Amino acid sequence: MARFRLSDLNPEQLEAVYHETGPMLILAGAGTGKTRTITARIAWLISQGEDPAKMLAVTFTNKAAREMKERIAGMVDPAEARAVTASTFHALCLRILRADATRLGYKANFSIFDEGDQMGLIKKIITRVSAKDEKLDPNLAKNMISKAKNNRWPVPEDEESLVGTVYRRYEEELRALNAMDFDDLLGKAVLLLDDHPEVREKWRERVKFLMVDEFQDTNALQLDLVGLLASGSPPNVCVVGDDDQSIYGWRGAEVSNILEFEKHFPDPRIIRLEQNYRSTNAILGAANRLIKNNPRRRGKNLWSPKEGGEPVRVIAVPDDRKEAEFVVQEIAAHRDSDRAPWEHFAVIYRMNAQSRLLESNLRQHKIPYRLVGGKSFFERREIKDITAYMTVLLNPEDDQTLLRIVNTPPRGIGATTVELALAFSIERDLSLFEALRHPDYLGTCTRRAAGAIASFVDEIGAARIRVGTPGVDAEAIVSELLTECGYIEDLKRSCKTPEEALNREGNVKEMLRALGEHSRRSGNSSNPLQSFLDEISLDREREEDKDDDNRGVTLITMHAAKGLEFPHVYLVGVEDGLLPHERSKTEGTVDEERRLFYVGITRAMKSLVITWCRNRMKFGSAMHCRPSPFLDELQGENVEMENYEEIMSRPMEEEDVVAQFAKLRAQLAGS
DNA sequence: AGGTGAGCATTTTTT
DNA sequence: ATGCTCACCT
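Read on for a plain summary of the structure. (Residues numbered from 1 in each chain as written. Chains lettered and ligands numbered in written order. Predicted model: local features only at pLDDT ≥ 70, side-chain atom pairs only at ≥ 80, totals over all residues. Heavy atoms only, no water.)

## Looking at the overall build of chain A
In step 1: The secondary structure content of chain A amounts to 32 helices and 16 strands.
In step 2: A compact globule built from 671 residues would reach a C-alpha radius of gyration of about 26 Å, and chain A, at 28 Å, matches this within 12%.
In step 3: Taken across its 671 residues, chain A has 53% of its residues classed as buried.
In step 4: Long-range contacts, defined as pairs at least 24 residues apart, comprise 77% of the intrachain contacts of chain A with a sequence gap of at least 6.
In step 5: Total accessible area computed for chain A in this model is approximately 31,600 Å², and 51% of it derives from carbon and sulfur atoms. (Helix = DSSP H or I, 4+ residues; strand = E, 2+ residues; numbered from the N terminus. Rg over C-alpha atoms; globule rule 2.2 N^0.38 Å. Buried < 20%, exposed > 50% of the residue type's maximum accessible area, 1.4 Å probe, protein only. Contact = heavy atoms within 4.5 Å. Areas by Shrake-Rupley, 256 points an atom, 1.4 Å probe, with all protein chains shown as cover.)

## Quick notes on the protein's contact with DNA strand C
In step 1: Taken together, R356, F619 and G620 make up the full set of residues adjacent to DNA strand C.
In step 2: Backbone sugar and phosphate groups make up 25% of those atoms of DNA strand C lying within 4 Å of the protein.
In step 3: In the model, a phosphate oxygen of DNA strand C is placed 3.1 Å from a nitrogen or oxygen of the R356 side chain. (Near = heavy atom within 4 Å. Polar contact = N/O pair within 3.5 Å; in protein donor to acceptor, adjacent residues only side chain to side chain.)

## Structural notes on the protein's contact with DNA strand B
In step 1: Taken together, 22 residues lie around DNA strand B, and E115, R251, R350, N352 and T557 are the ones closest in.
In step 2: Counting only the atoms of DNA strand B within 4 Å of the protein, the fraction contributed by sugar and phosphate is 44%.
In step 3: For DNA strand B, a base oxygen lies 3.5 Å from a polar atom in the side chain of W250.
In step 4: Within the side chain of R583, a nitrogen or oxygen atom sits 2.8 Å from a phosphate oxygen of DNA strand B.
In step 5: Split by residue class, the surface near DNA strand B holds seven nonpolar, eight polar and seven charged. (Nonpolar A, V, L, I, M, F, W, Y, C, P; charged D, E, K, R; others polar.)

## Considering the side chain of H559
In step 1: Counting through the fold element by element, H559 comes out in helix α27 (residues 558–561).
In step 2: Only 3.2 Å separates the side chain of H559 from the backbone oxygen of I247, close enough to count as a polar contact.

## What about the sheet that holds strand β6 (residues 209–212)?
In step 1: Reading across the sheet, the six strands line up as β3-β2-β6-β7-β1-β8 and stay open at both edges, with parallel pairing between neighbours. Looking along the sheet, the strands with just one partner apiece sit at the ends: β3 (85–88) and β8 (269–273). For this sheet, the mean inter-axis angle between neighbouring strands, taken without regard to orientation, is 15°.
In step 2: Where strand β1 (residues 24–28) meets β8, five bridges bridge the pair, whose relative direction is parallel. (Pairing = 2+ DSSP bridges. Axes fitted to C-alpha atoms, helices over the stretch in contact; angles between N-to-C directions.)

Below, the structure is given as structure tokens:
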């Protein structure tokens, strides 16, 4: 029997849980228990005898998908929980495509291009097609292509502009490489389901109950996908989201998807979750007053049965240095008086650059902190290299990836040789790999180059055959390949310090270990190498939270903080031009900045301090700042403007003195 | 091939 | 201030 209690839910949540079929829109404000609701609904449906294998919950992040699975596992039978699918949009699309992409003319072993691969290809194309006096920012091109794909705009066929040409070439190249970028995963899956009714029906058959998390962040393609997968009439789709937390418009998210839900799925049941389980009423009041100023919203009013709580403090500080000092000091004092661990504090800001001063202050005070954001494990050179080796083993047609490893480590296949091979491959309409082993090409090479190429091709070819046999030890094959081709040795050699060498080698080992573990986990079903690559190219997280020294005060951007909560929050740099970012004013997206501020505010559980600087270093020089206009909108009950000078000159309060004393005593006792 | 310096832009980043 | 790109040099 189910191990969950419906009595824990409030009436609105229960209404959502008991909803059976037909479209439903759950407007779930920040901290209103949306995951609890959605998972309880799944558990409820299962307890009513519905088949868990026909339930699909779609999220944006792997973390959210994992969390959802864990929650469900705590509520129902393990076997039932395992049968429920909780997956990201991208992982779901990949599954759809691996099964049937051949119908779109791709081979089932297509590679996935991450942003780095994508940029590399775009840059290459730009240099090839642009005339001498033409310039195109590859980043801009990438964004335009992504926007076009996410809006299902057709690839321009006769477009004369440089971007149009680049876009067209980019598509041709990807196709030739048997590769897809992240946007393609969505786009091609939608295309597949759209054009192939039998595939569509197959999936609809499997998806009796469809649930979508963070619906306010979906783009046009994702909306289409939801429409294609939803079965039943009226369509049996349940979406959860909060229009007030839509902060990814710049990435193609369409708030209209949630604002005009009725247009896409007529006559839905609409449920508002407004009871907040996270924050004090002081914090909720400020958040509500702020967000009321946005036009175009569903409208919600968060409330909590709890009392007001500490007032929200708004403080103007002289400059950004003082701001960092002040915040760190406050955190230190607060921890002592409240006996709160460092993990209970977060400093939230608009731009990553703002973390610098905070970091150095925290370090000075010996306060542990964790910085969220930064380069991931998977962007490290050696990881990209190994991934490239594995990718080539599976899809040797992927020239782009082959180029990465063809002379890594240096094996005597230099730029000239590669250029010639590339030219030959284009002339004969072959992949680069095929060209490299073609006798006609090898004949044109020097004896030495031909030898180098032949041994490289042989090494890859042999490993490729071994990997293709079912039930093999993929870890051993890749490991041997990397050692025998001299990659490991070269990696160590190219490091400046022994520590670096150790670190990089450790990364390689970690990666191989993960591959081994993955193969064991997946048994000798399909191709373990393929599924391992799929997994890592769509899940770039890992090792983030699990690690040991990852504790302490959290430094994080407002974007990255969405979905998280902290007892004590400091929102810094709330100035005109930074919080409504200057750029947003020219782009007409101030509403989204307001939502961003709203997201920041609603992260706080117990206490919230907001600071702004009268002066700030910008682009190397000091600039005068005005407070964010949003600060006026917050004003009201339980929001207090405090004077910085007064705080600094105020004598210590008694409890602080006591705490200080206790700290001193503890230090003495410890030494 | 890999290193160095001038020139330049500078928001956010789930996959 | 800082980091990144690209051109040019060793």
